[in-house]
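Listed below, chain by chain, are the residues.
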Amino acid sequence: MAAGGYGRYRAVIFAAMFVGYTLYYFNRKTFSFVMPAVMAEVPLGKDELGLITSSQSAAYAISKFISGVLSDQMSARWLFSSGLLMVGLVNVVFSWSSTVTAFAGLWFLNGLAQGLGWPPCGKILRKWFEPSQFGTWWAVLSTSMNLAGGLGPIVAALVSLNYDWRMTLSFSGFICVVVSFVCLVLIKNEPSDVGLPNIEQGAKKGKKGSSSDNSTLTELLLSPYLWVLSTGYLVVFGVKTCCTDWGQLFLIQERGQSMLVGSSYMSALEIGGLVGSIAAGYLSDRAVARVGLSSYGNPRHTLLLSMMAGMCVSMFLFRVTVTGDSPKENHFWTVALQPLADLTGLKEHELWILTLGAVFGFSSYGPIALFGVIANESAPANLCGTSHAIVALMANVGGFLAGLPFSTIAKHYSWATAFWVAEITCTGSTVAFFLLRNIRTKMGRIPRKAD
């Protein structure tokens with residue numbers, strides 16, 4: 001009976017968080033989805049576009065850090081629901097605006113509200129799921145971002161056929177407001193809230209007590225691995241944001257592709273990311289189950305490094321092989337994709353662009369899921385929320401750098417040059433992480449017996 005109770009509540013709570021965070025992410029990216037339509041109505045240069053996206057990223061980084069630290073001291077369901085309500089209201093007001101100042105200010109508020117979404121999800125997952133299931137369900141929940149990112153451009157494009165971009169933002173914001181109240185009712189902070197015993201989050205089998213594993217904040221901050229993770233997450237998240245925010249404009253403005261191809265690339269990237277997130281969580285959990293965790297190295301590193309290498313290769317091919325006259329050129333991939341093109345009715349170069357988007361999404365969203373899981377499991381039990389807040393803050397610094405700084409490079413040089421910089425940065429980070437893969441990964445204090 002108890003198991004059935006856990007299963008039923010887990011299903012309802014997870015579904016509510018999944019739908020809620022899907023809306024969080026969709027309304028985080030609505031400006032990117034409707035950017036071409038906004039630019040057609042309101043004159044916006046690359047600097048203005050960068051300012052708007054960076055204002056959100058800066059606010060999101062600050063808000064997510066604070067939310068991560070405070071999430072253990074506040075009601076997770078109230079934090080999650082109130083953030084979703086704020087996101088919805090900001091999107092509605094944004095649809096009424098027409099100036100760069102208003103756009104940047106409101107998108108800054110959107111970023112503040114966005115930061116209230118993920119930390120409560122992590123807290124609730126730890127409360128409701130066994131430690132051995134944590135990585136997989138973390139990854140599955142993170143696919144809500146891919147679902148929103150994949151369907152978002154298509155939904156926005158379909159709505160724009162009958163309505164303008166303002167109606168798109170108003171409608172999505174209204175849905176957020178409604179769902180926020182539904183989440184408040186359905187989500188429960190922990191099993192004891194519904195009369196079930198709480199799940200033990202103590203030490204693993206073979207280890208006695210968890211109190212000796214507690215560390216101070218200073219000991220956590222002095223752990224080199226925390227900053228290795230943070231730097232890697234900064235680069236991966238920043239490069240991913242470059243492609244999701246600017247990839248569409250790069251294809252349209254510099255590679256002569258249609259808006260449909262640009263939107264399809266974004267959708268393929270997110271769909272690939274959905275598969276990559278689940279694969280990263282499931283396969284790395286199997287590696288951990290097979291080898292176990294130790295104080296040095298981590299069995300998730302092999303998969304993490306492989307996916308980061310995939311990011312570098314797919315970015316290189318995206319920058320070099322996609323050209324304005326792609327339909328006229330007879331590349332090797334044109335011949336390879338011809339049978340599939342005949343089957344689907346798409347052109348070979350369009351299939352190639354979609355393939356590159358899917359591969360990059362698979363290779364980038366997998367590491368994003370893994371960095372969060374590793375930051376939690378490598379930290380002391382009493383500071384795992386703070387550990388994730390720190391690496392997430394660094395990730396969003398990367399997101400900020402993918403805004404105005406990235407668009408400034410594109411303004412003074414080209415989109416191709418900007419993507420080349422991102423490509424080189426990702427390659428350097430991958431090599432550095434490979435060289436440091438076997439350093440001490442147990443953050444904080446290590447008991448002498450364990451060491």
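Keep in mind that what you see is a predicted model, and the values were worked out from it rather than measured. (Residues numbered from 1 in each chain as written. Predicted model: local features only at pLDDT ≥ 70, side-chain atom pairs only at ≥ 80, totals over all residues. Heavy atoms only, no water.)

J.: Whenever I open this one, the overall build of the protein chain confuses me. Can you help?
T.: The helix and strand inventory of the protein chain stands at 18 helices and zero strands. Scored against the burial criterion, the 451 residues of the protein chain give a buried share of 55%. Pairs at least 24 residues apart make up 84% of the contacts formed inside the protein chain by residues separated by at least 6 positions. Surface summary for the protein chain: the accessible area is close to 18900 Å², and the carbon and sulfur share equals 68%. (Helix = DSSP H or I, 4+ residues; strand = E, 2+ residues; numbered from the N terminus. Buried < 20%, exposed > 50% of the residue type's maximum accessible area, 1.4 Å probe, protein only. Contact = heavy atoms within 4.5 Å. Areas by Shrake-Rupley, 256 points an atom, 1.4 Å probe, with all protein chains shown as cover.)

J.: What is the right way to read the pattern of salt bridges from this model?
T.: Pairing between side chains of opposite charge can happen when their charged atoms approach one another. Per the counting criterion, the structure on display carries three salt bridges. Between lysine 29 and aspartate 245 there is a salt bridge; the shortest N-O distance is 2.9 Å. With lysine 29 in the loop between helix H1 (2–28) and helix H2 (30–33) and aspartate 245 in helix H11 (residues 224–254), this residue pair connects regions lying 216 residues apart in the sequence. Residue lysine 29 is classed as buried on the basis of its relative accessible area, which comes to 9%. Note that arginine 319 is salt-bridged to glutamate 423, the shortest N-O span being 2.8 Å. Of this pair, arginine 319 sits in helix H13 (residues 301–321) while glutamate 423 is found in helix H18 (residues 415–435), placing the two residues 104 residues apart along the sequence. Judged by relative accessible area, which is 7%, glutamate 423 ranks as buried. (Salt bridge = Lys/Arg side-chain N within 4 Å of Asp/Glu carboxyl O.)

J.: Would you mind showing me how to read the nonpolar core here?
T.: Counting 112 residues, the largest nonpolar core has Phe31 and Leu229 as its most contacted members. The element contributing the most residues to this core is H11, with 16 residues. If we ignore the near neighbours within four places in the chain, the residues touching phenylalanine 31 are Val38, Leu44, Leu49, Ile52, Thr53, Phe94 and Trp107. (Core = buried A, V, L, I, M, F, W, Y, C linked by side-chain atoms within 4.5 Å.)

J.: I'm lost on the packing of aromatic side chains in this one. Help?
T.: Two descriptors summarise a pair of aromatic rings, namely the distance from one centre to the other and the angle between the planes of the rings. What the rule picks out here adds up to 23 aromatic pairs. When the centroid spacing of 4.7 Å and the interplanar angle of 50 degrees are considered together, the rings of phenylalanine 94 and tryptophan 107 count as tilted. With a gap of 13 residues between them, phenylalanine 94 in helix H5 (residues 76–94) and tryptophan 107 in helix H6 (residues 100–114) connect regions that are remote in the sequence. The aromatic ring of tyrosine 9 is capped on one face by arginine 8, whose charged end is 4.7 Å from the ring centroid. (Phe/Tyr/Trp six-rings, centres within 6.5 Å; stacked < 30°, edge-to-face > 60°. Lys NZ or Arg CZ within 6 Å of the ring centre and 35° of its normal.)

J.: Looking at this structure, how should I read the packing of H11 against helix H12 (residues 259–291)?
T.: Helix-helix packing: each pair is described by the crossing angle between the helix axes and the interaxial distance. Taken N-terminus to C-terminus, the directions of H11 and H12 make an angle of 150 degrees; their axes are 8 Å apart at the nearest point. When the axes of H11 and H12 are compared, the pair comes out roughly antiparallel. As for the relative orientation of H11 and H12, their crossing is right-handed in sense. Where H11 approaches H12, its residues Cys243, Thr244, Gly247, Gln248, Leu251 and Ile252 are matched on the opposing element by Met259, Val261, Gly262, Ser263, Tyr265, Met266, Leu269 and Glu270. (Axes fitted to C-alpha atoms, helices over the stretch in contact; angles between N-to-C directions. Parallel < 35°, antiparallel > 145°, perpendicular 65-115°, else oblique. Left-handed = near helix turned anticlockwise from the far one by under 90°.)

J.: Help me out: how do you make sense of the packing of H11 against H18 in this one?
T.: Contact geometry of H11 with H18 gives a least axis separation of 10 Å together with a crossing angle of 155 degrees. In terms of orientation, H11 and H18 fall into the roughly antiparallel class. In the packing of H11 onto H18, the handedness of the crossing is left-handed.

J.: Whenever I open this one, the side chain of lysine 64 confuses me. Can you help?
T.: In this structure, lysine 64 sits in helix H4 (residues 46–70). In this structure lysine 64 is buried but unpaired, with glutamate 270 as the nearest side chain of opposite charge at 14 Å. Residues contacting lysine 64, with those up to four places away along its chain left out, are Gly115, Trp118, Pro119, His388, Ala392 and Asn396. (Lys, Arg positive; Asp, Glu negative; His and termini not counted.)

J.: Is there a simple way to explain the environment of methionine 35 in this structure?
T.: As for its placement among the helices and strands, methionine 35 is situated in helix H3 (residues 35–41). Using a relative accessible area of 2% as the deciding quantity, one classes methionine 35 as buried. Linking methionine 35 and glutamine 248, residues 213 residues apart in sequence, is a C-alpha distance of 9.7 Å.

J.: Please clarify how a nonpolar patch on the surface should be interpreted in this entry.
T.: Together, Val12, Phe174, Val178, Val182, Val185 and Leu186 make up a nonpolar patch on the protein surface, roughly 490 Å² of accessible area in all. In terms of residues, the nonpolar patch owes the most to one element, helix H9 (residues 165–186), which gives five residues. Residue placement: phenylalanine 174 occurs in helix H9. (Patch = residues over 30% accessible without salt bridge, like charges linked within 9 Å, V, L, I, M, F, W, Y side chains within 5 Å.)

J.: Looking at this structure, I do not really get the confidence of the model for the protein chain. What am I missing?
T.: Regions with low pLDDT carry predicted coordinates that are not meant to be interpreted in detail. Considering every residue of the protein chain, the mean pLDDT works out to 81; 87% of them sit at 70 or more. This stretch, residues 202–212, has a pLDDT under 50; its non-local contacts, to residues over four places away or in other chains, come to six contacts. (pLDDT = per-residue confidence, 0-100.)

J.: Got a minute to help me understand the environment of threonine 22 in this structure?
T.: Residue position: threonine 22 is located in helix H1. With 127 residues separating them in the primary sequence, threonine 22 and glycine 149 have C-alpha atoms 8.7 Å apart. Dropping the residues within four chain positions of it, threonine 22 is found in contact with Ser144, Leu147 and Ala148. In terms of polar contacts, threonine 22 uses its side chain to reach the backbone carbonyl oxygen of phenylalanine 18, at 2.7 Å. (Polar contact = N/O pair within 3.5 Å; in protein donor to acceptor, adjacent residues only side chain to side chain.)

J.: Help me out: how do you make sense of the environment of proline 153 in this one?
T.: Topologically, proline 153 is positioned in helix H8 (residues 134–162). On the basis of relative accessibility, which here comes to 6%, the residue proline 153 falls in the buried class. Considered as a pair, proline 153 and phenylalanine 26 are 127 residues apart in the sequence and their alpha carbons are 9.4 Å apart. Residues contacting proline 153, with those up to four places away along its chain left out, are Phe33, Ala148, Ser263, Met266 and Ser267.

J.: Would you mind going over H5 with me for this structure?
T.: One full turn of an α-helix is made of 3.6 residues, so residues set three or four places apart face in the same direction. A rise of 1.5 Å per residue sets the reference length of H5, with its 19 residues, at 27 Å; its end C-alpha atoms lie 27 Å apart and thus fit the reference within 8%. Of the positions making up H5, those classed as buried are Ala76, Leu79, Phe80, Ser81, Gly83, Leu84, Val87, Gly88, Val90, Asn91, Val92 and Phe94. (Expected span 1.5 Å × (residues − 1).)

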